[in-house]
Amino acid sequence: MSDSPLTFNDFGLAEPIVRAVTELGYREPTPIQEQAIPVVMSGKDVMGAAQTGTGKTAGFALPIIHRLLPLASSSTSPARHPVRALMLAPTRELADQIYQNVKEYARHTPLRTAVVFGGVDMKPQTMALRQGCEILIATPGRLLDHVEQKSTNLSQVQILVLDEADRMLDMGFLPDIQRIINMLGKDRQSLMFSATFSNEIRKLAESFLDSPLLIEVARRNALAENITQTVYRVASPEHKRAAVAKLVRDHSFAQVIVFSNTKIGAGRLARQLEVDGLNAAAIHGDKSQQERLKTLEDFKQGLITVLVATDVAARGLDIAELPAVINYDLPYSPEDYVHRIGRTGRAGASGMALSLITGSNDDRLLADIEKLTKRKFAVEDMAVEATLPGHRREARAPRDDERPERVERYRDRDDSRPSRARSSSPMPARPAEDPFFSRPYEPSTEALAEQVESGQSKTAQPAVRRSTRPVPALLGGFKRT
Ligand code: AMP
């Protein structure tokens with residue numbers, strides 16, 4: 001072979017790090033890792049345009065671990081383990097995901113890693129912080145709570161990572177992030193990652209990065225190359241259900257998420273697809289916590305083929321090998337299109353994003369998506385039977401559950417800051433996270449306790465653990481570009 005691929009040995013990373021990734025089954029670096037690892041190792045600031053699923057966590061975490069290793073101490077004294085690298089993430093799910101990865105990458109080193117996020121008891125986190133950790137992963141609000149309680153001190157942080165910065169801004173974290181940055185030393189390396197680029201993101205980058213190197217694995221606001229995107233025009237909304245069933249069957253998708261803009265639409269479609277003989281379930285904000293947990297778990301276990309979801313419900317869902325997403329409705333915001341289809345084609349695996357459109361309203365939404373992603377879609381006509389013949393659409397105002405699902409931006413946010421600390425936050429136009437869905441899949445301790453009481457579950461586990469997904473399935477899909 002003339003063109004031998006780069007390996008993790010080629011970066012000059014410390015041996016315990018290379019050993020850890022080899023044990024994880026990583027054979028060769030992904031494109032973002034190829035670009036980011038040498039730059040981060042050199043100590044430069046980075047602005048990374050990379051979506052989740054590209055391998056960006058290892059892209060920043062491996063060189064950070066390498067840089068911290070000379071400072072690592074095997075002493076048991078907490079004072080010997082100050083926070084040196086801080087990684088901020090918008091949701092508890094992402095924070096925990098980063099934590100699980102970093103812990104694995106640093107397993108053969110004496111470096112300590114901890115994670116703190118809102119929505120769970122602070123005490124175990126406080127104990128972990130008091131024992132000392134060189135690498136701290138956190139959601140901003142909860143971190144500030146710990147700082148206020150003096151459980152940790154950030155004055156020795158020399159590397160800062162801001163992950164999914166666009167979502168952080170969407171969620172109104174800017175004031176919290178600024179407060180945190182003010183606590184860090186001036187002489188530090190800063191890295192920022194974002195899937196989409198807006199002027200606000202650019203401004204944030206300018207304010208805290210020092211001559212950053214721009215690392216891009218996909219075009220700005222563009223979508224992963226490995227996702228095949230197709231748009232189908234059907235005759236009317238009544239033809240969409242048959243179109244979804246046809247797409248799932250024609251492609252023999254093992255699993256698919258179908259996006260609906262409304263809660264009622266999601267519920268109805270799931271019921272109809274069940275009637276069509278597909279194994280379907282809906283997940284949206286009107287479902288009880290128990291129902292949501294069960295549906296998510298069933299989907300993760302592969303017991304459900306078609307998960308019909310609203311945008312809010314789907315945020316934070318990280319299903320490693322999802323082969324396809326279908327847009328039953330096009331999203332109202334083009335950024336949501338990018339987030340939706342980012343559910344598939346993760347970590348280099350190929351994926352499909354199929355969208356259904358009908359009238360001129362959809363044409364406008366499609367034009368917005370084309371503008372944002374800077375690509376023109378070829379629209380294919382799709383002939384299917386209408387599933388509700390003679391169904392007349394009623395001329396009336398939509399009921400509440402027929403409106404696009406929104407949650408109040410600051411209420412019950414994933415990151416549990418006292419409300420006073422949030423009052424001055426700017427209010428950008430995007431919908432907020434549904435705190436429930438931004439959490440890991442595992443049932444909370446309370447939910448488990450309830451289940452144990454009602455005899456549904458035999459074992460109670462801590463709320464913060466999430467099962468590790470198999471890595472090998474992601475291998476082989478990587479294309480070197
Ligand atoms: P990320 O984009 O960091 O969330 O990574 C997505 C998934 O890809 C995670 O499950 C990682 O464990 C996995 N991954 C990251 N880098 C590699 C690699 N070089 N080879 C194989 N899997 C990887």
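In what follows, the structure referred to is the one given above.
Residues numbered from 1 in each chain as written. Predicted model: local features only at pLDDT ≥ 70, side-chain atom pairs only at ≥ 80, totals over all residues. Heavy atoms only, no water.

K.L.:
How should the overall build of the protein be read in this particular structure?
P.N.:
Along its length, the protein carries 16 helices and 14 strands. By residue count, 58% of the 481 residues in the protein fall in the buried class. The contacts of the protein with a sequence gap of at least 6 include a subset with a gap of at least 24, amounting to 77%. Accessible area for the protein stands at about 20900 Å²; split by element, carbon and sulfur atoms hold 50% of it. (Helix = DSSP H or I, 4+ residues; strand = E, 2+ residues; numbered from the N terminus. Buried < 20%, exposed > 50% of the residue type's maximum accessible area, 1.4 Å probe, protein only. Contact = heavy atoms within 4.5 Å. Areas by Shrake-Rupley, 256 points an atom, 1.4 Å probe, with all protein chains shown as cover.)

K.L.:
Mind showing me how you'd approach the sheet that holds strand β6 (residues 189-194) here?
P.N.:
Whenever strands of a sheet pair, they do so through backbone hydrogen bonds, lying parallel or antiparallel. With respect to topology, seven strands assemble into an open sheet ordered β3-β4-β2-β5-β6-β1-β7, the strand pairing being parallel. Edge positions in the sheet fall to β3 (113-116) and β7 (213-216), since each of these pairs with one other strand and no more. Along the sheet, successive strands turn relative to each other by an average axial angle of 15°, direction set aside. Here strand β2 (residues 85-88) pairs with strand β5 (residues 159-162) via four bridges, running parallel. (Pairing = 2+ DSSP bridges. Axes fitted to C-alpha atoms, helices over the stretch in contact; angles between N-to-C directions.)

K.L.:
Teacher, can you tell me more about the side chain of Arg-84 here?
P.N.:
Within the secondary structure, Arg-84 sits in the loop between α3 (56-68) and β2. Among buried Asp, Glu, Lys and Arg side chains, Arg-84 stands out as unpaired, with Glu-134 the closest opposite charge at 5.2 Å. Beyond its immediate chain neighbours, meaning those up to four positions away, Arg-84 contacts Leu-68, Leu-71, Cys-133, Glu-134, Gln-156, Val-157, Gln-158 and Ile-159. (Lys, Arg positive; Asp, Glu negative; His and termini not counted. Salt bridge = Lys/Arg side-chain N within 4 Å of Asp/Glu carboxyl O.)

K.L.:
What is the right way to read the nonpolar core from this model?
P.N.:
Side chains that are nonpolar tend, in soluble globular proteins, to be buried together. In terms of nonpolar packing, the biggest core is built from 46 residues, with Phe-60, Leu-62, Ile-64, Met-87, Tyr-105, Ile-135 and Ile-137 touching the most fellow members. When contributions to this core are tallied by element, the ones reaching two or more residues are α1 (15-23), α2 (31-41), α3, β2, α4 (92-105), β4 (135-138), β5 and β6. Element by element, the count of residues in this core is highest for α3, at seven residues. Residue contacts for Ile-135: discarding those within four places in its chain leaves Ile-65, Leu-68, Ala-85, Met-87, Val-102, Leu-111, Arg-112, Thr-113 and Ala-114. (Core = buried A, V, L, I, M, F, W, Y, C linked by side-chain atoms within 4.5 Å.)

K.L.:
So what exactly am I meant to see when it comes to the sheet that holds strand β13 (residues 351-357) here?
P.N.:
Ordered by their spatial adjacency, seven strands build an open sheet running β10-β11-β9-β12-β13-β8-β14, and the pairing between neighbours is parallel. Pairing within the sheet leaves two strands with one partner each, and these edge strands are β10 (280-283) and β14 (379-381). On average, each strand axis in the sheet is inclined to that of its neighbour by 25°, with strand direction left out of account. One ladder, built from four bridges, connects strand β9 (residues 256-259) with strand β11 (residues 306-309); its direction is parallel. Residue Val-256 lies in a different strand from β11, and its bridge partner there is Val-306. Of the strands in this sheet, β9, β10 and β11 are in contact with helix α11 (residues 263-275), which crosses β10 at around 170°.

K.L.:
What am I meant to see in the packing of helix α10 (residues 240-251) against α11 here?
P.N.:
To characterise two packed helices, one gives the angle between the axes of the helices and the distance between these axes. One can describe the packing of α10 onto α11 by two numbers: an axis separation of 10 Å at closest approach and a directional angle of 60°. As summarised for this structure, α10 and α11 are arranged oblique, according to the angle between their axes. The handedness of the crossing between α10 and α11 is right-handed. The residues of α11 that touch α10, namely those facing Arg-241, Val-244 and Ala-245, are Leu-269, Gln-272, Leu-273 and Val-275. A breakdown of the residues in the contact of α10 with α11 according to their chemical character gives five nonpolar, one polar and one charged. (Parallel < 35°, antiparallel > 145°, perpendicular 65-115°, else oblique. Left-handed = near helix turned anticlockwise from the far one by under 90°. Nonpolar A, V, L, I, M, F, W, Y, C, P; charged D, E, K, R; others polar.)

K.L.:
Sorry, what's going on with the packing of aromatic side chains here?
P.N.:
Between two aromatic rings, the relevant description is the distance of the centres plus the angle of the planes. Going through the model one piece at a time under the given rule, you end up with five aromatic pairs. On the numbers, 6.3 Å between centres and 40° between planes, the contact of Phe-8 with Tyr-26 is tilted. Linking Phe-8 in the segment before α1 with Tyr-26 in the loop between α1 and α2, this pair joins segments that are 18 residues apart in sequence. With respect to burial, Phe-8 and Tyr-26 carry one shared label: buried. Between Phe-60 and Phe-193, the ring centres sit 5.3 Å apart and the planes meet at 40°, which makes this aromatic pair tilted. Placement of the pair is Phe-60 in helix α3 and Phe-193 in strand β6, with a sequence separation of 133 residues. A residue is classified by how much of its surface remains accessible, and Phe-193, at 1% relative accessible area, is buried. Aromatic rings pair up to connect Phe-8, Phe-11, Tyr-26 and Tyr-105 into one cluster. (Phe/Tyr/Trp six-rings, centres within 6.5 Å; stacked < 30°, edge-to-face > 60°.)

K.L.:
Just checking my understanding: could you explain the environment of Asp-298 for this structure?
P.N.:
Take Asp-298: it is sitting in helix α12 (residues 289-300). Residues Asp-298 and Ala-281, spaced 17 residues apart in sequence, show a C-alpha to C-alpha distance of 9.4 Å. In this view, Asp-298 contacts Leu-303 and Ile-304; residues no more than four positions away in its chain are not counted.

K.L.:
When you look at helix α5 (residues 123-131) in this model, what are you seeing that I'm missing?
P.N.:
Three or four residues apart is the spacing at which side chains of an α-helix point the same way, because the helix has 3.6 residues per turn. For α5, every residue scored as buried is listed here: Gln-125, Thr-126 and Leu-129. The arc that holds the buried residues of α5, viewed along the axis, is 100°, so those residues lie on one side. Facing away from the buried side of α5 by more than 90 degrees, the exposed set consists of Lys-123, Pro-124 and Met-127. Buried residues along α5 sit against β3, β4 and α6 (140-148). (Arc of directions from axis to C-beta.)

K.L.:
What is the right way to look at the packing of α3 against α4 in this model?
P.N.:
Contact pair α3 / α4: the axes reach a minimum separation of 10 Å and the direction vectors enclose 45°. The orientation of α3 relative to α4 falls into the category oblique. Note on packing geometry: the crossing formed by α3 with α4 is right-handed. Here Thr-57, Ala-58, Phe-60, Ala-61, Leu-62 and Ile-65 of α3 lie close against α4, whose contacting residues are Ile-98, Asn-101, Val-102 and Tyr-105.

K.L.:
Explain the environment of Pro-237 to me, please; I cannot follow it from the model alone.
P.N.:
Along the chain, the position of Pro-237 falls in the loop between β8 (227-233) and α10. Expressed as a C-alpha distance, the spacing of Pro-237 and Leu-356, which sit 119 residues apart in the sequence, is 9.2 Å.

K.L.:
Just to check I follow, could you spell out α6 for this structure?
P.N.:
With eight of nine residues buried, α6 lies mostly within the body of the structure. Taken together, the buried positions of α6 are Pro-140, Gly-141, Arg-142, Leu-143, Leu-144, Asp-145, His-146 and Val-147. Phi for Lys-150, located one or two positions after α6, is positive at around 60°.

K.L.:
Explain the pairing of β13 to me, please; I cannot follow it from the model alone.
P.N.:
The side chains of a regular strand alternate, residue by residue, between the two faces of the sheet. Within β13, six of the seven residues are buried, which leaves it mostly tucked inside the rest of the structure. Across four bridges, strand β12 (residues 324-327) lies against β13 in parallel orientation. Counted as the bridge partner of Asn-327 is Ser-355 from β13.

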